[in-house]
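# Coordinate analysis (summary)
Below are the chains, spelled out letter by letter.
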Amino acid sequence: MPKPRQPKSSRFPKGLPDKDTLLKYVRESGETDKAAIAKAFALKGEERRALRAMLQSMEADGTLGRRGRRGFAEAGALPEVGVVDVIERDPDGELLVRLTKGEDAPLVTLAPSRKGDTGPAPGIGDRLLVRFARLEDGQHEARLIKSLGAGGQRVLGVIRKARREVRVEPVDRRSKDSLLLTDPQAQELRDGDLVLAQATTAETRYGPKRGKLLEVIGREDEPRAASLLAIHAHGIPTGFSAAAEAEAATAQPPTLAGREDLRNVPFITIDPADARDHDDAVFAQPDDDPKNPGGWIVWVAIADVAAYVRSNSALDETAREKANSVYFPDRVEPMLPEVLSNGLCSLREGENRACMAVRMVFGADGRKRSHTFIRGLMRSAAKLSYEQAQAAADGTPDGQTEPILKSILQPLYAAYAVLKKGRDARSPLAIESAERRIVINREGEVASITPRAGLEAHKLIEEMMIQANVSAAETLEAKRTPLIYRIHDTPSQEKVQALVDFLQTLEIAWSKGEAPRTDRFNKLLDETRNTPNGDIINEVVLRTQMQAIYSTENIGHFGLNLAKYAHFTSPIRRYADLIVHRGLITALALGADGLSERDIQKMKDTAESITFAERRAMAAERDATDRYVAAFLADRVGAEFDGRITGVTRFGLFVRLNETGADGLVPVSKLGHEYFVHDDRAHALVGELSGARWPLGMQVSVRLAEATPLTGGLLFEMLSEPAPADPAAPRPRLGMRARNDRRPGGAFRGPPRPGQPGRPKNIRNGRKKRRS
């Protein structure tokens, strides 16, 4: 979401505020953090420490509440946008909603549907994405952005039958409570059935929760169950309405009517070897303009999805609801029906296709000098994989790439060499990430897990797509046409300070107060890349970054170091790109199928809903991958692996295996006989007595103790020894643990209430060490 608003600091006196002034500032901010408060009141040194104590006190007495890890808001305050469940109706019949992550959050009235809204009306039990608005009387109402389907009372799980009882065991690793099914039809279920169940509202004082069967979705022993579970667990919309399918079936091949003939431009597509849809094609040629010596012309042609998916149509409604295609190792849940995504909108080799093309002119320094958008008709000259294109460029062409090596491929690589000069001068963030490819065989089982090679062909296509996206944003801004930006905020001061604190533990200098810049991050990464701490610094720099989102308000893209950026190049699989295409059609008068009034009116809602859908898709893809990896390793329990610590928490270490990229947990209780304290500044677990350390990034050996395909969970046992104590680091003190945290018998109390001490950070086997 856009950066939280901050009130004008000139309205507040400088210096440490009293609690009433601080509360007023937080209330007007809506949401803020300690760094923003310190900046607004010009606090330094001891005043910052006093501010921290004041914030902790106001949180303890219930005046302030947390927002994420470091943010604050007035207790009971509502975010600008949130996910809610419909709880009940008031006496007037209005629906009341409550934030899903906030049992103490107030009930808020859901505003009536607006004219022009489509789809079924929300009901009790539904989950919604809403925007909260303050009314004139000071009350709030929730305004619907998007329906997210089932609410939190639904449970996805596997059937376990015993003694005439039928229980649903949740597949979510975070859920512990099973449901006891009471329906008569539950007896017909088989052990191992994957089902969706609904918890009933009837309260039971003793025993498990009751529930009723909603749907049988498969079997836990099916090879492809992992993606089915992810789809249902995250509410990924599947399939298409009959109306959308009917519209897609009437689509016709494109003609030259209203288009420029680009079939003489030898575009080619370069995609993953297993790609089924082809959004983009490229071509490059030297610029013969004597005013641009050494310059290049780069063409990027993108599938003209707007010609087939018209605003307010059934296809448009489905595409907007899905927001993006979701990719699993064994299947794709597409945004558009296959007749379009893999047919008329896919830039197939040798077939006429409608396209939106951009012709970009670059100077010898790699900087873009001009660009022009064209609505055309094209015909791809070749369909290549990244590996094919790279092999040809490296001197080993095959029968398909040999004929086009000199005329198409070599010019593309020469143009990229020029574009790379501009990219290097721009200095986008150069964080490295190791991606893995899961290969599924015909039986739906994992055949192998292999690292994805980082090829120059990938970078070539990426940079040309980035430049096309920039061109789209620049054109729409120049024409004053509404658009959805892809934005990426600058890292917060809190995150940068955490990085600085961590670097100090490695004796690496970073000037305090230095503004975060991509070239500064890159300098740090370059200087440490081939050192023992290179991997850990890469990891921490990655965690310092914010998440990119879609927004109608532009703040630039920090990671790419670009002032204007909008997604244009993948309209087959992203709704954001389709909106940008419609904007270009409207701005450049390229047809009657551009932005509608409804597109414009709902653009902010669309940006928020597709951001949510992107997060949902990422979570589903990650869950499916975890389950496939756990299934792949299930028959290797007891085997030993080398890996690296990628996460350090109070309750243990997360380790990523070198061989497969699989992530699993080493519980803190398995690390030895002493107690370990979580040093969040150094990203390490530190032995309370010995000072021995388990730091982030440490190379370790582990034994696989447990692999659970149903949940995707992996548990490891540590085989390595910890790193020796750091003589310069302060030793954790026994007195660091909070007092009076235990009930008789050693069980923890629940989450701390205002005024109570928090849980201790050093935990083993779920208990605090008894003081001697």
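Refer to the structure presented above.
Residues numbered from 1 in each chain as written. Predicted model: local features only at pLDDT ≥ 70, side-chain atom pairs only at ≥ 80, totals over all residues. Heavy atoms only, no water.

## Digging into the sheet that holds strand β30 (residues 676–679)
To keep things clear, this is the line we draw: Any two strands are treated as partners once DSSP identifies two or more bridges connecting them. To qualify as a helix, a DSSP run of H or I must reach at least 4 residues; to qualify as a strand, a run of E must reach at least 2; elements of each kind are numbered from the N terminus. All axes are obtained by fitting lines to C-alpha atoms, using only the stretch in contact for helices, and the reported angles, taken between N-to-C directions, cover 0 to 180 degrees.
Read from one edge of the open sheet, three strands run β30-β31-β32, paired in antiparallel fashion. At either margin of the open sheet sits one strand with a lone partner, and together these are β30 and β32 (693–695). Averaged over all neighbouring strand pairs, the angle between strand axes comes to 20°, with direction disregarded. In the sheet, β30 pairs with strand β31 (residues 684–687) via four bridges, with the strands oriented antiparallel. Bridge pairing links Phe676 to Gly687 in β31.

## Looking at the packing of aromatic side chains
The condition that has to hold: For Phe, Tyr and Trp, rings pair up if their centres lie within 6.5 Å, where Trp contributes its six-membered ring, and each pair is then called stacked (planes under 30 degrees apart), edge-to-face (over 60) or tilted (otherwise). Residue exposure (1.4 Å probe, protein chains only): buried if accessible area is under 20% of the type maximum, exposed if over 50%, otherwise partly exposed. Counting as a charge over the ring demands two things of the Lys NZ or Arg CZ atom: a distance within 6 Å of the ring centre and an angle within 35 degrees of the ring normal.
On inspection of all chains with the given rule, the structure shows six aromatic pairs. Relative to Trp299, the ring of Phe267 lies with its centre 6.2 Å away and its plane at 85°, an arrangement referred to as edge-to-face. On the criterion of sequence distance, the pair formed by Phe267 in the loop between β14 (260–261) and β15 (268–271) and Trp299 in strand β17 (residues 296–303) is long-range, its members being 32 residues apart. Here the two residues Phe267 and Trp299 agree in accessibility, since each one is buried. Judged by centre distance (5.4 Å) and plane angle (85°), the ring pair of Phe373 and Phe568 falls under edge-to-face. Of the two residues, Phe373 sits in strand β21 (residues 368–379) while Phe568 sits in the loop between β26 (549–551) and α14 (575–587), which places them 195 residues apart along the sequence. Comparing Phe373 with Phe568 shows no difference in burial state: the two are buried. Cluster of aromatic residues (ring-pair linked, three or more members): Trp510, Phe521 and Phe558. Over the ring of Phe240 we find Lys322, and its NZ or CZ is 3.9 Å from the ring centre. Directly above the ring of Tyr550 sits Arg486, whose terminal nitrogen or CZ lies 4.6 Å from the centroid.

## What about empty space enclosed by the protein?
The cut-off we apply is this: Using a grid of 1 Å spacing that covers the protein atoms alone, one calls a set of points a cavity when a 1.4 Å probe fits there but cannot get out, and a pocket when the set is open and has protein on both sides within 12 Å along at least five of seven lines; lining residues are those with an atom within 4 Å of a point. Grid points are joined across faces, edges and corners, and a volume is the space filled by probe spheres set on the points. Each residue gets one label: Ala, Val, Leu, Ile, Met, Phe, Trp, Tyr, Cys and Pro are nonpolar, Asp, Glu, Lys and Arg are charged, and the others, such as Gly, are polar.
Under the definition given, this model contains two cavities of 30 Å³ or more. Reported here for the second largest cavity is a volume of approximately 40 Å³. Contributing to the lining of the second largest cavity are Ile236, Pro237, Lys322, Asn324, Val326, Glu333, Ala613, Arg616 and Ala617. The element best represented in the lining of the second largest cavity is helix α16 (residues 603–633), accounting for three residues. A breakdown of the residues in the lining of the second largest cavity according to their chemical character gives five nonpolar, one polar and three charged.

## Looking at the side chain of Ser178
This is how the line gets drawn: Pairs of N or O atoms within 3.5 Å make up the polar contacts considered here, provided that, within protein, one atom can donate a hydrogen while the other can accept it, and that residues adjacent in sequence are counted only when both atoms are side-chain atoms. Throughout, a residue-residue contact means that at least one pair of heavy atoms, one from each residue, lies within 4.5 Å.
Position of Ser178 relative to the elements: it lies in the loop between β10 (165–170) and β11 (179–181). Of the polar contacts made by the side chain of Ser178, one reaches the side chain of Arg167; its length is 3.5 Å. Setting aside its immediate chain neighbours within four residues, Ser178 contacts Arg167, Val168, Glu169, Pro170, Pro208 and Lys209.

## A closer look at helix α11 (residues 493–505)
Put simply, the rule is: Expected span of a helix, by definition, is 1.5 Å for each gap between consecutive residues, and there is one gap fewer than residues.
Between the first and last C-alpha of α11 there are 19 Å, a value that for 13 residues agrees with the 18 Å anticipated at 1.5 Å per step. Looking at α11, one finds that the buried residues are Glu494, Val496, Leu499, Val500, Phe502 and Leu503. Each element contacted by the buried residues of α11 is listed here: β1 (32–33), α2 (34–40), α12 (518–528) and α13 (534–544). The positive-phi residue at the C-terminal boundary of α11 is Glu507, with phi of around 60°.

## Some thoughts on the packing of helix α6 (residues 314–322) against α16
Put simply, the test is: Reported orientations rely on four angle classes, namely roughly parallel under 35 degrees, roughly antiparallel over 145, roughly perpendicular from 65 to 115, and oblique for the rest.
Contact pair α6 / α16: the axes reach a minimum separation of 8 Å and the direction vectors enclose 60°. As far as their axial angle goes, α16 and α6 are oblique. In this structure, α6 uses Arg320, Glu321 and Lys322 to contact α16, whose residues at the interface are Asp605, Thr606, Ala613 and Arg616. Grouping the amino acids of the contact of α6 with α16 by side-chain chemistry returns one nonpolar, one polar and five charged.

## A closer look at the sheet that holds strand β9 (residues 154–162)
Within a sheet, adjacent strands bond to each other through the backbone by hydrogen bonds, running parallel or antiparallel. Strand order around the closed barrel formed by five strands is β9-β10-β11-β13-β12, with mixed pairing between neighbours. Put simply, the sheet's adjacent strands are angled 50° from each other on average, direction ignored. As paired elements, β10 and β11 share two bridges and run antiparallel to each other. Bridging across to β11, Arg167 finds its partner in Leu180.

## What about the pairing of strand β20 (residues 352–362)?
With nine of 11 residues buried, β20 lies mostly within the body of the structure. Note: β17 against β20, eight bridges, orientation antiparallel. Bridge pairing in β20 places Ile302 opposite Met356. Examined bridge by bridge, β20 and β21 share 11 bridges and lie antiparallel to one another. Within the sheet, the bridge partner assigned to Cys355 lies in β21 and is Gly376. Linking β20 back to β21 in an antiparallel pair, the connection comprises five residues, with Gly366 at a positive phi of about 90°.

## Quick word on the pattern of salt bridges
As a reminder of what qualifies: The term salt bridge refers to a side-chain nitrogen of Lys or Arg lying within 4 Å of a carboxyl oxygen of Asp or Glu.
According to the stated counting rule, one finds 49 salt bridges in the structure shown. One salt bridge connects Asp193 with Arg190, and the closest N-O pair in it is separated by 3.8 Å. A salt bridge links Asp577 to Arg574; the nearest nitrogen and oxygen atoms lie 2.8 Å apart. Residue Asp577 shares its accessibility class with Arg574, and that shared class is buried. Within the structure, one salt-bridge network assembled from shared partners comprises Arg259, Asp304, Arg310, Arg375 and Asp593.

## Some details on the pairing of strand β24 (residues 446–451)
Relative to β24, strand β23 (residues 436–440) is paired through five bridges, and the arrangement is antiparallel. Paired with Ile438 across the bridge in β24 is Ile449. In this antiparallel pair of consecutive strands, β23 and β24, the connection spans five residues, and Gly444 shows a positive phi of 85°.

## Quick look at the nonpolar core
Using the following cut-off: To define a nonpolar core, start from buried Ala, Val, Leu, Ile, Met, Phe, Trp, Tyr and Cys residues and group those joined through side-chain atoms within 4.5 Å.
With 92 residues, the main nonpolar core has Ile268, Val300, Leu340, Met464 and Phe568 as its most contacted residues. For Val300, the residues in contact, after removing those within four places along its chain, are Phe267, Ala281, Val282, Met356, Ala357, Val358, Met360, Met464, Met465 and Ala468.

## Description of the environment of Leu595
Here Leu595 shows up in the loop between α14 and α15 (597–601). Residue class for Leu595 comes out buried when judged on its relative accessible area of 14%. For Leu595 and Gly583, which are 12 residues apart along the polypeptide, the C-alpha to C-alpha distance reads 5.6 Å. For Leu595, the residues in contact, after removing those within four places along its chain, are Thr481, Pro482, Ile579, Arg582, Gly583, Thr586, Ile600 and Met603.

## Comments concerning the environment of Tyr550
Along the polypeptide, Tyr550 turns up in strand β26. Excluding residues that lie within four positions of it along the chain, Tyr550 makes contacts with Ile484, Tyr485, Arg486, His567, Arg574, Ala576, Ala607, Ile610, Thr611 and Glu614. In terms of polar contacts, Tyr550 uses its side chain to reach the side chain of His567, at 2.9 Å.

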